[in-house]
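Structural overview
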Amino acid sequence: MKGMTATRDAIFETRRSTTPAPAAARARILADPGFGIHFTDHMVTARWTADAGWHDAVVGPFGPLPILPGAAALQYAQQVFEGIKAYRHADGSVWTFRPDRNAARLRASAERFFLPAPDDTLFLNSLRALLAVDHDWVPEPEGEKSLYLRPYLIGTEQFLGVRPSPEVTYGVIASPSGAYVGGLAQPADVWLSEDVVRAAPGGTGEAKCGGNYAAGLGPYAEAKAHGCQQTLFLDAETRTWVEEFGGMNVMFVTSDNRLVTPALTGTILHGITRASLLQLAAEDFGLTAEERRVSIAEWRECVADGTFTEVFACGTAAVITPIGALKARGFDVPAARDTAGEVTRALRERLTDIQYGRVPDTRGWMVPLHD
Ligand SMILES: Cc1ncc(COP(=O)(O)O)c(C=O)c1O
């Protein structure tokens, strides 16, 4: 894929919406945004062709995309995406968290799907260009609200033979967001997917592609039917090792001050929250960060004997969510505790304090998007 990555300093042309949401309607949405329901007035699109590279970088009115029914993304799922948030700080400025990590992951996902990907400059400029017109859509930080940003890449060539699309659209849409699952107050019960796996070695588990999520909808429905909010997936080969949830990584706190999470074995998404929490846990809280295999048997035994004192899920959308009971066809593992534990709370507070600018960002994780 060398040579397919944009390198020029992308300039976005802005075409303002003539029908933006009235301020009162926007205020009503921002008061209680939910998650992924409402969208801002504008969106980013940029086109890539094999001949011309990246061009037509536009921030325009939010609306339907021109896409033909035979497009590669629609027929063969040549599509990848990212999830990243914009946070409003107390002085009104708007920031994002480790965008270089999202840009790098988008490139890695894109490479797996033979798509060209934006370089760091195009990626960051696209977020800044969108925020330049839609900054009023970033909620006030109360209640840990933010503006969720969804960059994506789709193959748009209409062709029913299978080949890498020589025409690609990069886009960014934005959706004001509140709590994703239940927040800290409500531990999420999780359902163990025993028949369906999310990712196999050599497959697409490490890539953030829509197909991974579509293929998880069956197990998600099963989870819902059992009163659970998330699905837990095991490794494909032995159905022994804990991998991750449908949309979040998993972490365990132990009674001897370790923060344990499944190692990245090629089938688990490289979560940016995961990496950040491992670092914060070690550097700021003196925990031993441990990336290793964790079996489902260990989860059962260690909750029972008190070795696992807290279990939580982490990701951009949910930040940190305490995990309640683990339910499976043949057994139930009760919650390690009824409410969010001390480490879960402390890590969540430190991470969100950095993201919302309430403590100094000593690691250079925060990047400004708008004054
Ligand atoms: C399958 C999956 N695992 C983990 C994560 C957490 O990743 P991050 O912390 O980068 O949001 C996500 C969310 O993006 C996800 O969809």
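Since the structure is predicted, the reported quantities are computational estimates derived from the model, not experimental observations.

**Details of the overall build of the protein chain**
Within the protein chain, the regular secondary structure consists of nine helices and 18 strands. For the protein chain, whose C-alpha radius of gyration is 21 Å, the value lies close to the compact-globule estimate of 21 Å for 371 residues. The dimensions of the protein chain, computed from C-alpha atoms along their principal axes, are 60 × 50 × 35 Å. Within the protein chain, the fraction of its 371 residues that count as buried is 53%. In the protein chain, once contacts between residues fewer than 6 apart in sequence are set aside, the share between residues at least 24 apart is 73%.

**Quick notes on the pattern of salt bridges**
Applying the stated criterion across every chain yields a total of 19 salt bridges. Its salt-bridge partner being Arg 107, residue Asp 120 comes within 2.9 Å of it at the nearest N-O pair. One end of the pair, Asp 120, is in helix 4 (residues 120-134); the other, Arg 107, is in helix 3 (residues 99-112), and 13 residues separate them in sequence. A relative accessible area of 35% places Asp 120 in the partly exposed class.

**Section: the side chain of Asp 41**
Looking at the secondary structure, you find Asp 41 in the loop between helix 1 (23-31) and strand 2 (42-49). Within the buried core, Asp 41 has no salt-bridge partner, and the shortest N-O distance to an opposite charge, that of Arg 26, equals 4.8 Å. A distance of 2.9 Å separates the side chain of Asp 41 from the backbone nitrogen of Ala 21, its partner in a polar contact.

**Re the confidence of the model for the protein chain**
On average, the protein chain scores 94 in pLDDT, and the residues at 70 or more come to 96%. Low pLDDT, under 50, characterises residues 1-8; the predicted model gives this stretch 21 contacts beyond four residues in sequence or across chains.

**What about the site of the ligand?**
Taken together, 17 residues surround the ligand, and among them Lys 208, Tyr 213, Glu 244, Thr 273 and Thr 316 come closest. In this structure, Ile 272 approaches the ligand through a main-chain N or O atom, which is 2.8 Å from an oxygen atom. Between the ligand and the protein, one listed contact pairs an oxygen atom with a side-chain N or O atom of Thr 316 at 2.6 Å. Considered on its own, the ligand offers 380 Å² of accessible surface; in the complex 95% of this is hidden by protein. Where the shell around the ligand is concerned, the elements lending two or more residues are strand 11 (242-245), helix 7 (272-285) and strand 15 (308-315). Of the residues in the shell around the ligand, the class split is six nonpolar, seven polar and four charged.

**Section: the packing of helix 3 against helix 4**
Where helix 3 meets helix 4, the closest approach of the two axes is 9 Å, and the angle between their N-to-C directions is 120°. Viewed along their axes, helix 3 and helix 4 adopt a mutual orientation that is oblique. The chirality of how helix 3 crosses helix 4 is right-handed. The segment helix 3 lies against helix 4, with Pro 99, Asp 100, Asn 102, Ala 103, Leu 106 and Arg 107 engaging Asp 120, Phe 123 and Leu 124. When its residues are assigned to classes, the contact of helix 3 with helix 4 shows five nonpolar, one polar and three charged.

**Notes on the environment of Val 367**
Structurally, the position occupied by Val 367 is in strand 18 (residues 366-370). For the pair Val 367 and Leu 124, spaced 243 residues apart in the sequence, the C-alpha separation amounts to 9.2 Å. Excluding its chain neighbours within four sequence positions, the residues that come into contact with Val 367 are Trp 95, Thr 96, Pro 99, Leu 124 and Arg 128.

**Some remarks on empty space enclosed by the protein**
Under the counting rule described, the total for this entry stands at two cavities of 30 Å³ or more. In terms of lining, the largest cavity is formed by Gly 83, Ile 84, Tyr 87, Phe 97, Asn 102, Ile 272, Thr 273, Gly 315, Thr 316, Val 319, Leu 351 and Gln 355. Elements supplying a minimum of two residues to the lining of the largest cavity: strand 5 (84-88), helix 7 and helix 9 (342-355). Its residues assigned to classes, the lining of the largest cavity shows six nonpolar, six polar and no charged. Counting contributing residues per domain, the lining of the largest cavity is built from domain 1 (13-177) and domain 2 (188-355), each supplying no fewer than three. What the second largest cavity holds in volume is close to 40 Å³. In terms of lining residues, the second largest cavity is bounded by Pro 187, Glu 310, Val 311, Pro 322, Ile 323, Arg 337, Thr 339, Ala 340, Gly 341 and Thr 344. Where the lining of the second largest cavity is concerned, the elements lending two or more residues are strand 15 and strand 16 (319-327).

**Points about the packing of aromatic side chains**
Evaluation of the coordinates by the stated rule reveals eight aromatic pairs. Centroid distance Tyr 87 to Tyr 356: 5.2 Å. Interplanar angle 80°. Geometry classified as edge-to-face. Residue Tyr 87 is found in strand 5, and its partner Tyr 356 is found in the loop between helix 9 and strand 18; the two are separated by 269 residues along the sequence. Using a relative accessible area of 3% as the deciding quantity, one classes Tyr 87 as buried. Taking the centre distance of 4.6 Å and the plane angle of 25° together, the rings of Phe 252 and Phe 308 count as stacked.

Definitions and cut-offs
- Residues numbered from 1 in each chain as written.
- Predicted model: local features only at pLDDT ≥ 70, side-chain atom pairs only at ≥ 80, totals over all residues.
- Heavy atoms only, no water.
- Helix = DSSP H or I, 4+ residues; strand = E, 2+ residues; numbered from the N terminus.
- Rg over C-alpha atoms; globule rule 2.2 N^0.38 Å.
- Buried < 20%, exposed > 50% of the residue type's maximum accessible area, 1.4 Å probe, protein only.
- Contact = heavy atoms within 4.5 Å.
- Salt bridge = Lys/Arg side-chain N within 4 Å of Asp/Glu carboxyl O.
- Lys, Arg positive; Asp, Glu negative; His and termini not counted.
- Polar contact = N/O pair within 3.5 Å; in protein donor to acceptor, adjacent residues only side chain to side chain.
- pLDDT = per-residue confidence, 0-100.
- Near = heavy atom within 4 Å.
- Areas by Shrake-Rupley, 256 points an atom, 1.4 Å probe, with all protein chains shown as cover.
- Nonpolar A, V, L, I, M, F, W, Y, C, P; charged D, E, K, R; others polar.
- Axes fitted to C-alpha atoms, helices over the stretch in contact; angles between N-to-C directions.
- Parallel < 35°, antiparallel > 145°, perpendicular 65-115°, else oblique.
- Left-handed = near helix turned anticlockwise from the far one by under 90°.
- 1 Å grid on protein atoms, 1.4 Å probe; cavity = no way out; pocket = protein on both sides within 12 Å on 5 of 7 lines; lining within 4 Å.
- Points joined across faces, edges and corners; volume = space filled by probe spheres on them.
- Domains from an automatic or database assignment.
- Phe/Tyr/Trp six-rings, centres within 6.5 Å; stacked < 30°, edge-to-face > 60°.

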